[in-house]
Amino acid sequence: MTITSTMPDPVIDADLLTKTYKLGENEVHALQGATLKIYPGDLLAIMGPSGSGKSTLMNILGCLDQATAGTYRLDGVDVENLDDDALAEVRNRKIGFVFQSFNLLRRTSALSNVEQPLIYSGLRARERRERSAAALRAVGLGDRLDHQANELSGGQQQRVAIARALVTDPAIILADEPTGNLDSKSGAEIMCLFQRLNEQKGITVIFVTHDQRIASHCRRIIRISDGKIVADEVNPDQLRACIDV
Amino acid sequence: MFLIEVIRLAFRTLIANPLRAILTLLGISIGVGAVIALISIGNGVQHYVTDQFSSAGTNVITVTPGRMQRGFGGGAFAQPAQLTMSDWRAVASGVQGTSAMGVSFSRASNIVFSGKSSSVNIDGISPQVTSIQGWTIATGRFIDDADVASRSRVLVIGQSVAKDLFESGEDPIDQSVRVNGLPFRIVGTLVSKGSSFLGDQDAIAFTPITTAQERLFGSQSQGTSGERIISTILLQANDDASRPAVQRDTAQILADKRKIEPGEPNDFTVRSQAELVNSFGLVLAALTTFLGAIAAISLLVGGVGIMNIMLVSVTERTREIGLRKAIGAKSGAILSQFLVEAIVLATLGGMVGVLIGVAGANLASRLAGIPADVQPASVLVAVGFSTLVGLFFGLWPARRASRLSPIEALRFE
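Residues numbered from 1 in each chain as written. Chains lettered and ligands numbered in written order. Predicted model: local features only at pLDDT ≥ 70, side-chain atom pairs only at ≥ 80, totals over all residues.

A. View of the overall build of chain B. On a plain count of helices and strands, chain B comes out with 13 helices and 14 strands. In summary, chain B has a C-alpha radius of gyration of 33 Å against a globular reference of 22 Å for 413 residues, an excess of more than 25%. Excluding contacts between residues fewer than 6 apart, the proportion of contacts in chain B whose partners are at least 24 apart in sequence is 84%. (Helix = DSSP H or I, 4+ residues; strand = E, 2+ residues; numbered from the N terminus. Rg over C-alpha atoms; globule rule 2.2 N^0.38 Å. Contact = placed C-beta atoms within 7 Å.)

B. Highlighting helix H7 (residues 184–201) of chain A. Residues and elements named next belong to chain A. Spanning 18 residues, H7 covers 25 Å between terminal C-alpha atoms, matching the ideal 26 Å at 1.5 Å per step. Listed as buried for H7 are Gly187, Glu189, Ile190, Met191, Leu193, Phe194, Gln195 and Leu197. Residues of H7 that are buried sit in contact with strand S3 (43–47), helix H6 (154–166), strand S8 (204–209) and helix H8 (212–216). Positioned one or two residues after H7, Gly202 has a phi angle of 65°, which is positive. (Expected span 1.5 Å × (residues − 1). Buried ≥ 20, exposed ≤ 12 C-beta atoms within 10 Å, placed from the backbone.)

C. Region of interest: unusual backbone geometry. Even without a glycine there, the phi angle at Leu16 of chain A is positive, about 55°. Mapping Leu16 of chain A onto the fold places it in strand S1 (residues 12–23). Within the chain, Arg151 of chain B stands out as a residue other than glycine whose phi angle is a positive 50°. With respect to the helices and strands, Arg151 of chain B occurs in the loop between helix H5 (145–150) and strand S6 (154–157).

D. View of the environment of Asn278 of chain B. Turning to its location among the elements, Asn278 of chain B is positioned in helix H9 (residues 273–316). With 117 residues separating them in the primary sequence, Asn278 of chain B and Leu395 of chain B have C-alpha atoms 43 Å apart.

E. Fine view of the environment of Lys22 of chain A. Of note, Lys22 of chain A is situated in strand S1. By the C-beta count within 10 Å, which is 8 here, Lys22 of chain A ends up exposed.

F. Structural detail: the sheet that holds S1 of chain A. All names here are of chain A. Taken in spatial order, the four strands of this open sheet run S2-S1-S4-S5, and their pairing is antiparallel. Each having just a single partner strand, strand S2 (26–38) and strand S5 (77–78) make up the two edges of the open sheet. Here five bridges tie S1 to strand S4 (residues 69–74), and the two strands are oriented antiparallel to one another. The partner of Thr18 across the bridge, within S4, is Ala69. (Pairing = 2+ DSSP bridges.)

G. A look at the interface of chain B and chain A. Counting from both sides, the interface comprises 16 residues of chain B and, opposite them, 19 residues of chain A. Secondary structure elements with two or more residues in the side of chain B that touches chain A: helix H1 (2–16), helix H10 (318–326), helix H11 (331–368) and helix H13 (406–411) of chain B. Classifying every residue of the side of chain B that touches chain A gives nine nonpolar, two polar and five charged. (Nonpolar A, V, L, I, M, F, W, Y, C, P; charged D, E, K, R; others polar.)

Rendered as structure tokens:
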């Protein structure tokens, strides 16, 4: 009891989340009562095979979708009753997404790509540029601000995407198979970057993956199967991704 | 501030695919260009025609023999009606409110000078006709009362006649020419009125009406009643206000004089220049509107082109839409992004269309010799309308984009 009372408030507090789809006549129970708390500064992986409900959980945690039942509190905001526009605002303020396929705007500079979320925050152009440049420097692309996204290597593109996730100063970063489209060297570099951001800046990072290598770099691993959380444990053998640091 | 971002984004997107953007906006450009060119040419023709009639004299009322026919076979006269000198005298002495009046007797003939000949309409006139018709003397003098009284064989010729008969540098004044074998002396030349759709106005020669009736075309001017016949009576009303009264009085005097029973149709026509100008103006305005409407249809086709390309664009950029929603774009932001893109496309197309239209109107006016009249209002309306076309045809694709589910959109391959 005394230990839990000194813990900070969880950034994610999800209780008994269920998600049911109607597929024609059949009902698909993608999530069946998932409960989890994630505290600020954590580095964790949500693992599970395809069809396990992992993507559904990520969509709900990322406020892209809403649970059929259960409660979800993100960084102090109850999101289960918000409308689409309010959810968009929550995503803009509190969540940074990193995708497997980067999802950068082609023929658009790195700087401008990173700026995009801030446009929807309503920031002025000058402040947007300053913050975007800072975010790109933080991911080691300070010298690539004006490069077109499609002229960068895969690893560099994913760094731009990470900068785009960081730039709004979100409560959590949700990374969906972030190394899936990268070779192992670039993948390791990206994991190193995530670890560094987590350790040096205390950024909460949640990976959604079926890749054991990603999970092995995390502090905590949640396993999901058939829409239920089947394991939630601390990883005792957390690997360091950064070789030269 | 957000709007500026959206407009900037629209331009960046369009520049990213320049060929597609140009081809799409070309559809609108052609539509707007066609509307502007056709309306400008139509307006030009309208003004040109009005000017032509006005140059023939303002507030002018003409009286001609015969009834103005409406349609074919509507009661033709067995014997063509004739107006005579006594009709003219009745009008001249009875009608009030005119500043000038004249009478003419015209026949086509040839003027011959040292082996060269010019085929023209010879107008036998009373002195005031030239001023009513708006002629100005270039060299020499007009026909005067003394000429009429003495049936003198004098001619005042138009520039086309002068060109036909004389070398450049040769002075026509006091030259002796022949008409129907009779010697005539040229006493004046007229300032050119140019040619119009009415034909070459300068192919004309004036002579005193008495000379024409009694010396030149003696047998042709012999009316059935034994009197000399006339071709036209010209009256110039004091002003616009007195014109209807002059017209009405003239008709009444002539009907009384010619003993036409009330209810019977007149066997002569009293017509004002203003009526003619108005009816021509109405026809041409209707024609211009009609042409503009046809051109506007091509503008709609251009709009469908925009809708088509915007739908393709929404499909192609589904993942971008998904991403934008994931990073916090509300539905309204996506809607305005695609809507502004369509509007920018259509408006740019409209602006290019204005250039095409003005160039087309000028080219056509140069080729046809009719001045085009590009009105700033029609340019504004055309660009404004193309913006509306963009708004209208962009709305559906933009709504489609804004309603995409972010999860589905991000998963889209």
